[in-house]
Amino acid sequence: MQEYDFKKIEEKWAKYWVEKKSYKAEDFSEKPKFYVLSEFFGPNGKGIHLGHVKCFTPTDIIARYMRFKGYNVLYPAGWDAFGLPTENYAIKTGEQPIAVTERNVQKFKSQLTRMGYSFDWDREIGTSDEDYYKWTQWIFLQLYNNGLAYKASGEVNFCPQCKTVLSNEDSQGGLCDRCHGEVVRRQRDVWYLKMQSYSDKMLEDVENIDMKESLKDSQRNWIGRSVGAEIVFPIKDSEEGLKVFTTRPDTIYGVTFMVIAPEHPLTKSDKLKNIDEVNAYKAEASKKSSIERSANKDKTGVRLDGITALNPITNKEIPVYISDYVMMDYGTGAIMAVPAHDDRDYEFAKKFGIPIVQVIEGGDISESAYTGDGVHINSGNLNNLGVKEAISLMIETLEKMGCGHEMVNYKMQDWPFNRQRYWGEPFPIVFCDECGIVPLDEKDLPLVLPKTDDFIPNETGASPLSKLSDWVNCKCPKCGKPAVRETDTMPNWAGSSWYWLRYLDPKNDKEFVSQDKLNYWGQVDLYTGGVEHVTRHMLYASFWNNFLYDIGKVPNKTAFKRRMCNGLVLDSEGKKMSKSSGNAIDPIDVVSEYGADTFRLHMMFIGEYEKNNNWTLKGITGIKRFLNGVWSLQDMVKGDEVSKEHEFILHNLIKRCDTTIYDANPEHTSYEQHNDFKFNTVIANMMTFMNKIREDGWITKEELRSFLVLLNPFAPFITAELYEIVFGGDIVNEKFPEFDESKTVTSTVEIPVQVKGKRKAVINISAVAEESEALAEAVKAIGISADDVKKVIYKQGKIINLIV
RNA sequence: GCCGAAGUGGCGGAAUGGCAGACGCAGCAGACUCAAAAUCUGCCGUGAGCAAUCACGUACGGGUUCAAGUCCCGUCUUCGGCACCA
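From a predicted model like this one, the values you see are computed outputs, not experimental measurements. (Residues numbered from 1 in each chain as written. Chains lettered and ligands numbered in written order. Predicted model: local features only at pLDDT ≥ 70, side-chain atom pairs only at ≥ 80, totals over all residues. Heavy atoms only, no water.)

> Please clarify how the overall build of chain A should be interpreted in this entry.
Helix and strand content of chain A: 24 helices and 27 strands. Judged by the C-alpha coordinates and their principal axes, chain A covers about 100 × 85 × 50 Å. Within chain A, the proportion of its 804 residues that are buried is 54%. Long-range contacts, defined as pairs at least 24 residues apart, comprise 72% of the intrachain contacts of chain A with a sequence gap of at least 6. By element, 48% of the accessible surface of chain A is carried by carbon and sulfur atoms, the whole surface being about 35500 Å². Placing the 100 positive and 117 negative side-chain charges of chain A at their respective mean positions leaves the two points 2 Å apart. (Helix = DSSP H or I, 4+ residues; strand = E, 2+ residues; numbered from the N terminus. Buried < 20%, exposed > 50% of the residue type's maximum accessible area, 1.4 Å probe, protein only. Contact = heavy atoms within 4.5 Å. Areas by Shrake-Rupley, 256 points an atom, 1.4 Å probe, with all protein chains shown as cover. Lys, Arg positive; Asp, Glu negative; His and termini not counted. Charge placed at Lys NZ, Arg CZ, Asp CG, Glu CD.)

Written as structure tokens, this is what we have:
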């Protein structure tokens, strides 16, 4: 036996698999298909990090396992290449983003290959490739032509550091997703995608994707559907009305004031008498960042002199205030305030000395608002009704009067889709003095991103492309007169909103993907990635897929069947790893020292897939010893004798693999039904198997064959090499062994004898012994008379419990 | 504040309501060695005991059950997400 030289072995096989295209997925096959995908990522200059290893190792294990199980497996990889990290790096160094990307991609590809990931590299895609973004632009055209993309002036999140507009998804918590700097609100020209109109379809996806309830919750929370009513409050001596959204139209009798957001158009009304005071407040509010605005919960505001609203039900006069606790981008930017039953309104009323009128019975409102349930009081025809009935009756009343109607509101906003950056997909849009906004013709795609040396973002917020007058000035595709191009580019998330589809048909230059291939591959069976993408990428993906479904371009409404989110790898103290804190570990160092097989097993062994875990090399010794043992199996092969004990552990190990690596049962469609992804326990069972074999000192050839196949998904290199040495040939042609249920049980078992739940003895007994037999053994073992036993609880093969 | 997840040895972590601590690391003792590494053998939750054994033990307080880490009620702690959403 040669020494276990992981370096030599891993180099040999990594090269072999790429050259042989061992993991090529067949388009169309007799075999059942299985599409497993881990999120692709931006190829930055740093190379892979531990998070990639934690994310890709499990899907690689599953891909290899499913191939052995007879599936036609699609396990592709690619690059989310348009993005700020690359562009920022390019700006810093002056190098072309495209060159930076190419170099980084090569680095990542070689590192992933070194880890032994079994990607089908023939399907590699990159979002910044012309033949890819051609189709991203094509989808944008479909959106535009279907009225789902529009240009408007709006107040949007803007990152002063990155000098670009951001979506709400990109600025969660008021911080830029990229640079983590504070985001400000700015009035700008914005290309919006009408994502809000897809809210309900996206909510259906939330229900249809098989994932953890907590993840579904955060998506539901982000979409933020709430049912209520829109009510128009007339303004005294005016034709105008003040529109509000409320979930509690039943409390309209308790309205004692109204509040509008600082950005609300009513603040520009010519009826307003204290313009200076109001403008001063507006100026103050606009200076605050969204973080400051929400952190400071102290209520401030100014009453609008000269503007009085009228309660449409009671006709009572109501004062109107401006305050920054009302947001312009939710609902109508105005509220009816019911201080008796809303905490924020209560606080505001107390501060400004506004009356508080209780309309729901049940709570004490002397100290705080009462937000609980109860019947209505002081509410005209709603009196004595419960909340639910009162809401329906009030909506009915308002509809009859013509001053309100039922309405659904969403927290999720339309998607601001343009960025003032160079490194992104150009919009296939032209502005013409005659024709207005004109989309390019599909045959003119791709609209290629022009080369330039000056890709630095502009202080004024104009895109770098605007400086390229040769490119900007063009002819209107409609009338042929001089026109200009849109110079903003699409956001980072554009290319990733449909990429899983392109893997099905990555080289197609006629269609974004052929219908045949879409029909064959269908949904992504398993999609894994970071939990942070659940309220970002997953929502965008859901939106685009639903849209493509609606226009008949994809066969499935929901793109992903199942989603799993991996936990983070933190440093040994539980802190996030980063280059700046100096606690980052380079996975390649670990591979060099221990080998990819050991590293993969170690990563899977130290923690659960979904949980965060603290990185440590403590314990990798155990994995090393295990693989050394596996290597020495080649010298322990002996005859064809069978042993019951070996059969028992082997068949139990196969069973364990089948039940805990991946649950492919199509009837299991909810998170609760799955019992898989427990890679650490599978490895523990393999160690137990090895311990037994080493104790006995021998293994049969067929047992070794089975064991190598079981271990191969976890440690592909060493098993491929051993297989070649012992059996000759390539292990990828093997089938996953099947277990025989009858061999997973033993004929006799040791079961505990308990007396009132306390263990008193252990008896050795037939696994299928009758109760009488077990009882006889049990009383003998603990030395009592069978007459003393009042009650017996006997679970065959498990336990016997006596009450004496 | 709201929502969610989790609390088990020195450590990472196992346990369809059925012998808590599988498997691994570390540690201790021993074998091999001039020595070290590697490897092998044994021990390894806490307390008492020479020992067999006994008692206690899964964040805390109750409860259900023949039997609870697991189910129910309450409390505490930690982590994550959202946050003036009308």
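What follows continues from the structure just given.
> Explain the packing of helix α20 (residues 644–660) against helix α22 (residues 701–711) here, please?
Helix packing for two helices is described by the angle between their axes and how far apart those axes are. Relative to each other, α20 and α22 sit at 25°, their axes nearing to 11 Å. Classified by the interaxial angle, the pair formed by α20 and α22 is roughly parallel. As for the relative orientation of α20 and α22, their crossing is left-handed in sense. For the pair α20 and α22, contact is made by His-646, Leu-650, Leu-653, Ile-654 and Cys-657 and by Glu-703, Ser-706, Phe-707 and Leu-710, respectively. Of the residues in the contact of α20 with α22, the class split is six nonpolar, two polar and one charged. (Axes fitted to C-alpha atoms, helices over the stretch in contact; angles between N-to-C directions. Parallel < 35°, antiparallel > 145°, perpendicular 65-115°, else oblique. Left-handed = near helix turned anticlockwise from the far one by under 90°. Nonpolar A, V, L, I, M, F, W, Y, C, P; charged D, E, K, R; others polar.)

> Looking at this model, I keep getting lost on the environment of Ile-61. Mind explaining?
Within the secondary structure layout, Ile-61 lies in helix α2 (residues 50–68). Distance in space between the C-alpha atoms of Ile-61 and Pro-716 is 9.0 Å, their sequence separation being 655 residues. Other than its neighbours up to four places away in sequence, Ile-61 contacts Arg-600, Met-604, Ile-661, Phe-679, Pro-713 and Phe-714.

> Would you explain helix α4 (residues 97–114) in this entry?
The periodicity of an α-helix, 3.6 residues per turn, causes residues three or four positions apart to be oriented the same way. Taking 1.5 Å of rise per residue, 18 residues should cover 26 Å, and α4 covers 26 Å from first to last C-alpha, within 8% of that figure. Listed as buried for α4 are Pro-97, Val-100, Thr-101, Asn-104, Val-105, Phe-108, Gln-111, Leu-112 and Thr-113. Close packing links the buried residues of α4 with α1 (6–20), α2, β3 (78–79), α3 (84–93), α17 (587–594) and α23 (716–727). Residue Gly-116 follows α4 closely and has a positive phi angle near 85°. (Expected span 1.5 Å × (residues − 1).)

> So what exactly am I meant to see when it comes to a negative patch on the surface here?
Together, Glu-102, Asp-129, Glu-130 and Asp-131 line one region of the surface with negative charge. Within the fold, Glu-130 resides in helix α5 (residues 130–145). Since its relative accessible area comes to 43%, Glu-130 is described here as partly exposed. (Patch = residues over 30% accessible without salt bridge, like charges linked within 9 Å, V, L, I, M, F, W, Y side chains within 5 Å. Salt bridge = Lys/Arg side-chain N within 4 Å of Asp/Glu carboxyl O.)

> Is there a simple way to explain the protein's contact with RNA strand B in this structure?
Of all residues adjacent to RNA strand B, which total 47 residues, the nearest are Thr-247, Arg-344, Ile-606, Arg-625 and Asn-801. Protein-proximal atoms of RNA strand B, defined as those within 4 Å of the protein, fall in sugar or phosphate at a share of 59%. Contact between RNA strand B and Thr-246: a sugar or linking oxygen at 3.1 Å from a side-chain N or O atom of the residue. At 2.8 Å, a backbone N or O of Met-327 approaches a base nitrogen of RNA strand B. For the surface near RNA strand B, the elements supplying multiple residues, two or more each, are α7 (213–223), β9 (241–246), α9 (290–295), α19 (620–632), α21 (679–696), β24 (748–755), β26 (791–795) and β27 (799–803). Among the elements that line the surface near RNA strand B, the one with the most residues is α21, at seven residues. For the surface near RNA strand B, the residue count by class is 14 nonpolar, 18 polar and 15 charged. (Near = heavy atom within 4 Å. Polar contact = N/O pair within 3.5 Å; in protein donor to acceptor, adjacent residues only side chain to side chain.)

> I keep staring at the pairing of strand β21 (residues 563–566) and nothing clicks. Help me out?
The side chains of a regular strand alternate, first on one face of the sheet and then on the other. Burial along β21 is two-sided: the residues Arg-563 and Cys-565 and Met-564 and Asn-566 are all buried. Note that strand β20 (residues 526–530) and β21 share four bridges and pair parallel. Following the sheet pairing, Gly-529 is matched in β21 by Cys-565. For the crossover from β20 across helix α16 (residues 537–550) to β21, the handedness is right-handed. (Pairing = 2+ DSSP bridges. Right-handed = clockwise from strand over helix to strand, strands pointing away.)

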